Amino acid sequence: MKHGVQLTKDSALALLRTMLLARRIEERLIRLYHQGSIFGGVYCGCGQEAIGTATTAVAGPNDLFAPCIRDMTVHLGRGAQPLDIFRQFLGRATGPMRGRDGNIHYGNLQRGVYAMISHLGAMLPVVTGGVMARRRQGRDTIGFAFIGDGGTSTGDFHEAVNFAAVFDAPVIFVVENNQFAYSTPITHQFRCQHLVERAAGYGIQGVAADGNDVLALRDIVAGLVADIRPRPRPVLLVCETLRMRGHGEHDDASYVPAALRAAWEQRCPLLLLRQELIADGLATEAELEALDAAVQAEVSAACEQALGDPPPNPATLMEGIYAAG
Amino acid sequence: MKHGVQLTKDSALALLRTMLLARRIEERLIRLYHQGSIFGGVYCGCGQEAIGTATTAVAGPNDLFAPCIRDMTVHLGRGAQPLDIFRQFLGRATGPMRGRDGNIHYGNLQRGVYAMISHLGAMLPVVTGGVMARRRQGRDTIGFAFIGDGGTSTGDFHEAVNFAAVFDAPVIFVVENNQFAYSTPITHQFRCQHLVERAAGYGIQGVAADGNDVLALRDIVAGLVADIRPRPRPVLLVCETLRMRGHGEHDDASYVPAALRAAWEQRCPLLLLRQELIADGLATEAELEALDAAVQAEVSAACEQALGDPPPNPATLMEGIYAAG
Amino acid sequence: MPPAETTYLEALRQALQRLLRERPEALLFGQDIGAFGGAFKVTAGLQQEFGAARVFDTPISESAILGAALGMATMGLRPVVEMQFVDFAMTAVHQLLNNAGTLHYRTGSAAPLVVRMPCGGGFAGGPFHSEELEALFCHMPGLKVVYPAFPADARALLLGAALDPNPVIFLENKYLYRHVKEWLPALWSPAPLGAARVCRPGRDAVILTYGAMVHEALRAAERIHSEDGGEVMVLDLRTLKPLDTDAICAAVAATNRVLIVHEGWRTGGFGAELAAVVAERTFHLLDAPVRRLTAPDCPVPFAPELEKAYRPNADKIHEALVEVLEY
Amino acid sequence: MPPAETTYLEALRQALQRLLRERPEALLFGQDIGAFGGAFKVTAGLQQEFGAARVFDTPISESAILGAALGMATMGLRPVVEMQFVDFAMTAVHQLLNNAGTLHYRTGSAAPLVVRMPCGGGFAGGPFHSEELEALFCHMPGLKVVYPAFPADARALLLGAALDPNPVIFLENKYLYRHVKEWLPALWSPAPLGAARVCRPGRDAVILTYGAMVHEALRAAERIHSEDGGEVMVLDLRTLKPLDTDAICAAVAATNRVLIVHEGWRTGGFGAELAAVVAERTFHLLDAPVRRLTAPDCPVPFAPELEKAYRPNADKIHEALVEVLEY
Ligand SMILES: Cc1ncc(C[n+]2csc(CCOP(=O)(O)OP(=O)(O)O)c2C)c(N)n1
Ligand SMILES: Cc1ncc(C[n+]2csc(CCOP(=O)(O)OP(=O)(O)O)c2C)c(N)n1
Ligand SMILES: [Mg+2]
Ligand SMILES: [Mg+2]
C-alpha cells in the first residue's frame with residue numbers, strides 16, 4: 001500500500017465523486033453563465049478540486065473551514081448538496097444565503113463552514129477565532145483556512161498566521177498556489193522561492209504539497225491533523241496547483257502560458273485519481289463511467305430544480321440586518 | 001583594526017556625540033515632562049541610541065529614513081538640532097511640525113526623514129515608495145525603515161516588506177527588537193525564535209545584529225549598504241536591544257524583569273562605546289567628560305531657547321490643510 | 001461625608017467585571033489589556049481576577065483581533081475587545097464594515113461582539129490619538145454604535161452592549177475617563193441600546209449631542225440660564241445607531257430651535273445625519289435653521305493652543321446658542 | 001453618420017493616457033492594471049504604450065499600494081493608483097485618513113496622488129463589490145473627493161485630479177463604465193476640482209446628486225416634465241469635497257424644493273451632509289422639507305430582485321419627486 005491512510009475502494013471513490021461533482025457542477029454553471037441565466041460572476045475551482053476534497057476527507061465533524069474562491073469541494077466535502085450550490089449561484093431565496101450573497105460567498109456554520117467575504121485574507125482570523133472558541137468549549141476542533149497565492153500578500157494573512165501561532169490555535173493555513181492572482185503571476189506576488197518559507201517566520205511548521213494528487217495530499221493532511229489535534233498549533237500547508245480557467249468566466253486567462261497550462265492539464269486531479277484507481281485495480285473504466293453518469297444526472301436534476309426555485313421576495317430586503325435581541 | 005569601517009578618533013567621537021546628545025536631550029525632556037512643561041507624552045529611546053546612530057553614520061545624503069518611536073538618533077544623525085527637538089516636544093510654532101504634531105512625530109524631507117504617523121507599520125510602504133521614486137529619478141537612494149518588535153505583527157509590515165521585495169526596492173527594514181511592545185513581551189508577539197527568520201519568507205536577506213554595539217552595527221550596516229546600493233533589494237536587519245524606560249514617561253515599566261533590565265544596563269550603548277574608545281586608546285576619560293559637558297551645555301541652551309519660543313497662533317489652525325494648486 | 005463617586009473609567013471596569021462574573025462565555029482581549037490593565041487602565045485587575053484565559057494580550061494586529069473576535073462570537077462566546085485608540089481601528093475597517101456588519105444579514109448568524117474604542121481629544125494627543133470617528137461607524141449597516149457621556153450610562157450601556165447579539169461599536173471618551181464622576185447605585189441593570197436621555201430640560205432650544213460634548217453643552221446651557229434665564233434642553237443621544245429619532249423629534253417639538261454639537265469633523269460628521277433628520281422630520285417645527293457646532297475639517301492638532309481652537313467647548317457652544325436663540 | 005461617442009470608461013482611459021504622455025513623473029499601478037488592463041479595462045493598452053516601468057501590477061496589498069503611492073508623491077512623482085473595487089480600500093483606510101490626508105497639514109509636503117476606485121452596484125456584484133463609500137472619504141480632512149457622472153467630466157476631472165497637488169479620491173461608477181456615452185471633443189483641458197454643474201435646468205425643485213444617480217435623476221425629471229410639465233433641476237455635484245455650496249444654494253434659491261439622491265447608505269451618507277448644508281444655509285428658502293432618497297441601511301444584496309429594491313432608480317426618484325413637488 002502506497003498511501004498512509006488506508007485506501008479502500010469506497011474511500012477512493014468518495015474522493016473521486018466529490019471532485020467529479022464539483023467539476024460537473026462548474027461545467028453546468030459555466031453554461032448557465034453564458035446563457036445569461038446567472039447574474040454576477042462565476043468563479044471556478046477547476047483543476048484545484050483535490051485540495052478541498054483531501055482536507056474535508058480527513059476533517060472531523062467539529063472542525064471549522066474557511067473556504068476561499070476555488071473551494072467548491074470544501075462545501076461538497078462538508079455536506080453541501082448540488083442543489084444548494086445551484087441555488088446559491090442563481091441567487092434563489094431557497095439557497096444557503098437566500099440570495100443575499102452570491103456565487104462563491106456561502107457557507108453553513110452548522111457544518112462548520114464559514115461564508116467568505118471577498119476581502120482576501122479577512123476570513124483567516126475569523127476561523128482562527130472560531131477554533132480558539134471551540135477549543136475553550138472543550139472540543140477538539142481544528143481549523144482549515146484557505147487562501148490563494150495572491151491572498152498571501154495581504155496584511156490579514158500575516159496577522160492571522162502570527163495570531164494563530166501566538167495562541168497555539170490549531171489552524172491549517174492552506175495556501176492554494178495556483179500560480180496566478182487574477183492576471184498576476186506569482187513572480188509579481190512574492191520573491192521567496194516557495195511560500196513554505198514563510199512558515200519559519202511564524203515559528204510554525206511549513207509543508208509543501210502537490211495540490212493535484214488527492215491521495216498524497218490526503219495523507220499529508222491526515223498526518224498534520226493527527227499531529228495538531230492533540231498538540232494544538234498552526235501549520236502552513238502550501239499546495240501547488242494551477243487555475244485551469246479564468247479568474248471568473250468573463251476572463252479567458254490568455255495570460256496563462258500555453259505550455260504551463262498543458263503541463264498541468266496532464267496533472268488534472270480527477271485524471272490522476274482515475275489513473276491511480278485503475279492502476280491499483282480499485283475500479284474499472286466502466287465503473288468510473290457509471291459514477292460520472294450518476295453524478296451528471298444528479299447535477300442536472302439539481303440544476304433543473306434550482307432553476308425552478310423562486311427568487312427572494314423584495315419585501316424581505318430589510319429583514320434580519322440585525323439579530324433580534 | 002577590529003572594525004570593517006575605518007575607526008578614526010573623529011568618527012568614533014561623532015558616534016558618541018550623537019548618542020550623548022540623544023541621551024541628554026531625553027533626560028531633559030523627562031524633567032520637562034514631570035515639571036508639567038510638556039503636554040502630551042514623552043517617549044524615549046534610551047538604550048536604543050546605537051541603532052539610529054549607526055545607520056545614519058553610513059547613509060548617504062540621498063537616502064531616506066522612516067524613523068519610529070525610539071529613534072531620536074536618526075533625527076540627530078540626519079541633521080536635526082537639539083533646538084528642533086525641544087521645539088517639537090514643546091509644540092512650538094518654530095518647531096519642525098509647527099505644533100501641528102508633537103513629540104516623536106516629526107521629520108524633515110529635505111534631510112530625507114519622514115515624519116512618522118502613529119499607526120505602526122504605516123510608514124514602511126511610504127519609505128519604500130519614496131525609494132522607488134528616487135531610484136526612477138536616477139539617484140542611488142537607499143531607504144531605512146524602522147519598526148519595533150510589536151510593529152512586526154501589523155499587516156503593514158508584511159505588505160511593505162513583500163512589496164519592497166517584489167520591486168527590488170533597496171530598503172533596509174530595521175527591526176528594533178527591544179523585547180517589549182508597551183507592556184507586551186515578545187513571547188506574546190511572535191513565535192519564531194528570532195525575527196530574522198521572517199526574511200526567507202520574503203526571499204530577502206536577514207541579518208541579526210547586536211543593537212547596542214554601535215561600532216559593530218555600523219560595520220554591518222555599511223556592508224549592507226555597499227551590497228544593496230549597486231544591486232538594489234531589501235534587507236531585514238534585526239537589532240536586539242532593550243527599551244530602558246517605560247513605553248512613555250507615564251509608564252514605570254514595572255513589567256520588565258529586573259534581571260533583564262540589569263543585564264542590558266551593562267550593555268548601554270554609550271557605555272560600550274566609551275569603554276571601547278578608552279581601551280583602543282582613541283580617547284581619554286577626560287576628553288569624554290569634556291565632550292559630555294559640551295553636549296550638556298548645548299542641550300541646556302537649546303532647551304532654554306525653545307522654552308522661550310512662541311506657541312502656534314490659533315488663528316493659523318485652518319491653514320495648509322490642502323496644498324495650494 | 002458625601003457618598004463616594006465613581007469615575008467613567010471605573011464604571012466601565014465595573015461593567016466588564018460584572019460581565020465576566022455573570023457570563024462564562026465572555027472574554028476580553030486586546031493590546032496590553034491583561035496584567036497591565038490597558039493603556040487607560042479600564043481593564044485593571046481583571047486578568048488578576050479572571051485569569052489569562054479570559055483576559056489577555058494580543059499582538060499588534062487590529063485586523064486579527066477584530067476577525068478573531070468575530071469568529072469567537074459566531075461560536076457562542078461574547079468577546080469584548082479593545083482598540084488601544086479608535087484611530088488604530090482604521091487599519092482594519094473591513095473587519096467591521098464588511099465582515100461583522102454584514103454577517104447576520106448574509107448568514108443569519110448572530111455576532112455578539114463589542115469593540116471598545118477610546119476616542120476624542122483634549123489632552124495634546126495629536127492627530128493620531130485624538131480622533132472622533134463615530135460618523136464612519138454609524139454609516140456601516142449592521143453595526144450598533146454607543147457613546148456614553150456619564151458613568152452610570154457607561155456602565156449600564158457597556159453591559160447592555162455585551163449582551164446584545166449584534167456587533168456593537170462602543171465608543172469611550174478619553175477625556176471623560178477621569179474627569180467625570182457620579183454616585184452610582186450598587187444595584188444596577190444593563191441598559192438596552194437605543195434610548196436618548198434629556199439630561200437637562202428646557203423649552204427655548206435643544207442641544208443634540210453625545211460623548212464629552214454633553215458636559216460642555218450642559219455648562220453652556222447653565223451659563224445661558226444664569227445670564228438671562230434661558231432654558232436650553234440638552235439631549236444626550238447615548239446610542240447613535242440605532243438613533244432615538246422619537247426623542248429628537250420630541251425635543252425639537254418642545255423647543256423649536258436646534259443646535260447640534262460634536263467633537264468630530266464637520267463634513268459628513270454625525271451631526272450631518274442629525275441635521276438631516278431634524279430637517280426632514282421637524283421642518284415645520286423649526287423657528288430657526290438647525291445649526292452644527294463641530295470640529296473643523298482639519299487633522300487634530302497637537303499643540304494645546306491649536307487644539308483649543310479646534311475642539312468645541314462650553315464657550316463656543318454658548319456663542320452658538322446665543323445666535324440660535326436670537327435668530 | 002453621427003459623430004462617434006465615447007464611453008465613460010474610454011474617457012477615463014484617455015485621461016490616463018494623456019497624463020502619461022504629458023507628465024513624465026506620472027505613473028500607474030495597482031492589481032492587474034498592467035498587461036491585463038485592469039479588472040474593468042480602464043488601463044487597457046497603457047502598459048503596452050508606456051512600458052512596465054510606468055504602468056505596472058502590484059501584489060494584493062492595498063496598504064502597501066497606497067503607502068507607496070504616498071511615498072512616491074512626496075518625491076515628486078504623480079502616482080495614480082487603482083483599488084480594484086472601492087470595497088477593498090477598507091483594508092487600508094489609515095493610509096488615506098491618517099497618512100495621506102494629514103501629510104500636508106503636518107509637514108507642508110504636497111502629495112499629488114490619485115486613488116481611483118470603481119464604485120456602485122447594479123450588476124449583481126453582491127455586498128463586497130457594489131459599495132458606495134464616498135461618505136467615508138468625504139469625512140476625512142485633507143482629502144479631495146471627485147465623482148463624475150459623464151464621460152466628458154470623467155476625462156477632464158481625472159486629469160484635473162492628477163494635476164492637483166493633494167491626495168484625491170477619484171470615484172468611478174462601474175455601472176456607468178459602459179452604459180454612458182457622449183461625443184467628446186478632440187481638444188480638451190483638465191477640469192479644476194470643486195465645481196458642480198446644472199445638467200438640467202428647472203424651477204420647481206432641484207435634485208442634488210452625483211455618480212450613477214445623475215442619470216436616474218435626469219430620467220425622473222424628464223418624466224415629470226412629460227407628465228405634467230414640471231421643471232426639475234438636476235445638479236450634478238461632480239466634486240464632493242470641496243463641495244460647491246454656492247451652486248447648491250443658488251439651486252435651492254431658484255427652486256425652493258430639494259431632493260437629494262445617492263446610491264450609498266442613508267445613515268451618515270453624503271446626503272446627510274447635503275441635507276445639513278441645505279438646512280443650515282437655505283432654511284428660509286425652502287417650501288418643503290429637504291428629502292433624501294438613498295439606499296437603505298442594508299448590505300448590498302446580491303440577487304437582482306433584492307438589489308432592485310435596494311438601489312435608487314428613476315422610478316423611485318420620480319415617486320419621491322412627486323411628493324416633494326406636492327408638499
Ligand atoms: C483585499 C482584496 N484586494 C483585492 C481583491 C480583488 N481580487 C479578488 S480575487 C483576486 C485575485 C486572487 O488571487 P489568489 O489569492 O491567488 O486566489 P485565486 O483567485 O488564484 O484562487 C483579487 C485581486 C480582493 N478580493 N481582496
Ligand atoms: C496599528 C497600531 N496599533 C496600536 C498602536 C498603539 N501602540 C503604540 S506604541 C505600541 C507598542 C509598540 O511596540 P514596538 O513596535 O515593539 O515598539 P517599541 O515601543 O517597543 O519601540 C502600541 C501598541 C499603534 N501605534 N499602532
Ligand atoms: Mg492564485
Ligand atoms: Mg518593542
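Values in this document were obtained by computation on a predicted structure and should not be read as measured data. Counting restarts for each chain, with residues numbered from 1 along the sequence as it is written. As a convention, the first chain written is A and the first ligand written is 1, with the rest following in written order. In view of the model being predicted, local features appear only for residues whose pLDDT reaches at least 70, and side-chain atom pairs are presented and counted only at 80 or more, with totals across whole chains, interfaces and linings using the full set of residues. Heavy atoms from the whole structure form the basis of all side-chain values; hydrogens and water molecules are not counted.

## Looking at the coordination of the magnesium ion (ligand 4)
Residue and element names in this part refer to chain B.
- Donor atoms (N, O, S) are those found within 2.8 Å of the metal centre, with the cutoff raised to 3.2 Å for Na, K and Ca; water is not part of the atom list, so apparent gaps in a site can occur. Taken together, the protein ligands of the magnesium ion (ligand 4) are D149 (OD), N178 (OD1) and F180 (O), with distances of 2.0 to 2.2 Å.
- Here the donor residues of the magnesium ion (ligand 4) are spaced in sequence according to D-x28-N-x1-F. With D149 in the loop between β2 (143-148) and α6 (155-166) and F180 in strand β4 (residues 180-181), the pair connects residues that are 31 residues apart, well separated along the chain.
- In this structure D149 comes out as buried when scored by relative accessible area, which is 0%. Elements are defined by DSSP. Helices are runs of H or I of four residues or more, strands are runs of E of two residues or more, and each kind is numbered from the N terminus. Accessible area is worked out with a 1.4 Å probe on protein chains only. A residue is then buried under 20% of its type maximum, exposed over 50%, and partly exposed in between.

## Observations regarding helix α11 (residues 285-307) of chain B
Residue and element names in this part refer to chain B.
- Expected span, for any helix, means 1.5 Å times one less than how many residues it has. With 23 residues, α11 extends 33 Å from end C-alpha to end C-alpha; this agrees with the ideal 33 Å at 1.5 Å per step.
- Taken as a whole, α11 has its buried residues at L288, L291, D292, V295, V299, A302, C303 and A306.
- Here a residue-residue contact requires only that any non-hydrogen atoms of the pair lie within 4.5 Å. Residues of α11 that are buried sit in contact with α1 (9-34), α4 (82-90) and α10 (269-279).

## Considerations on the packing of aromatic side chains
Residues and elements named next belong to chain C.
- Within 6.5 Å between ring centres, the rings of Phe, Tyr and Trp (the latter by its six-membered ring) count as paired, and their orientation is classed by plane angle as stacked under 30 degrees, edge-to-face over 60, tilted in between. Scanning the model with the defined rule gives 29 aromatic pairs over all chains in all.
- Note on F40 and F85: the rings are 5.2 Å apart at their centroids and 70° apart in plane angle, and the pair reads as edge-to-face. Residue F40 is located in the loop between β2 (26-30) and α2 (46-50), and its partner F85 is located in the loop between β4 (78-82) and α4 (93-107); the two are separated by 45 residues in the primary sequence.
- You can call F85 buried: its relative accessible area is 10%.
- Relative to F88, the ring of F85 has its centre 5.8 Å away and its plane inclined at 80°; by these criteria the two rings are edge-to-face. The same class applies to F85 as to F88, namely buried.

## Topic: the interface of chain D and chain B
- Contacts between the two partners involve 39 residues from chain D, matched on the other side by 37 residues from chain B.
- Simply put, the buried area is the total loss of 1.4 Å probe accessible area from both parts when two parts are fitted together. Of all residues in chain D, the largest losses of buried area upon contact with chain B belong to M75, Y105 and R106 of chain D, amounting jointly to 28% of the total for that side.
- Any carboxyl oxygen of Asp or Glu that lies within 4 Å of a side-chain nitrogen of Lys or Arg is treated as forming a salt bridge with it. In this structure, the connection of chain D to chain B is made through zero salt bridges.
- Whenever two N or O atoms come within 3.5 Å, that pair is a polar contact, provided that in protein one can donate a hydrogen and the other can accept it, and provided that, for residues adjacent in sequence, both atoms are side-chain atoms. Applying the counting criterion to the chain D and chain B interface returns 20 residue pairs in polar contact (both at pLDDT 80 or more).
- Only β2 (26-30), β3 (55-57), α3 (62-74) and α4 (93-107) of chain D provide two or more residues apiece to the side of chain D that touches chain B.
- Of all the elements, α3 of chain D adds the most residues to the side of chain D that touches chain B, at 10 residues.

## Focus: the sheet that holds strand β7 (residues 167-173) of chain D
All names here are of chain D.
- Any two strands between which DSSP finds at least two bridges are classified as paired. Pairing within the open sheet is mixed, and its seven strands lie in the order β3-β2-β4-β5-β7-β6-β12. Edge strands, defined here as strands with exactly one partner in the open sheet, are β3 and β12 (239-241). Each adjacent strand pair in this sheet contributes to an overall mean axis angle of 20°, direction not counted.
- Sheet analysis places strand β4 (residues 78-82) next to strand β5 (residues 113-119), joined by three bridges and oriented parallel. Bridge pairing links E82 to R116 in β5. Each axis is a line fitted through C-alpha atoms, taken for helices only over the stretch in contact, and angles between the N-to-C directions span 0 to 180 degrees.

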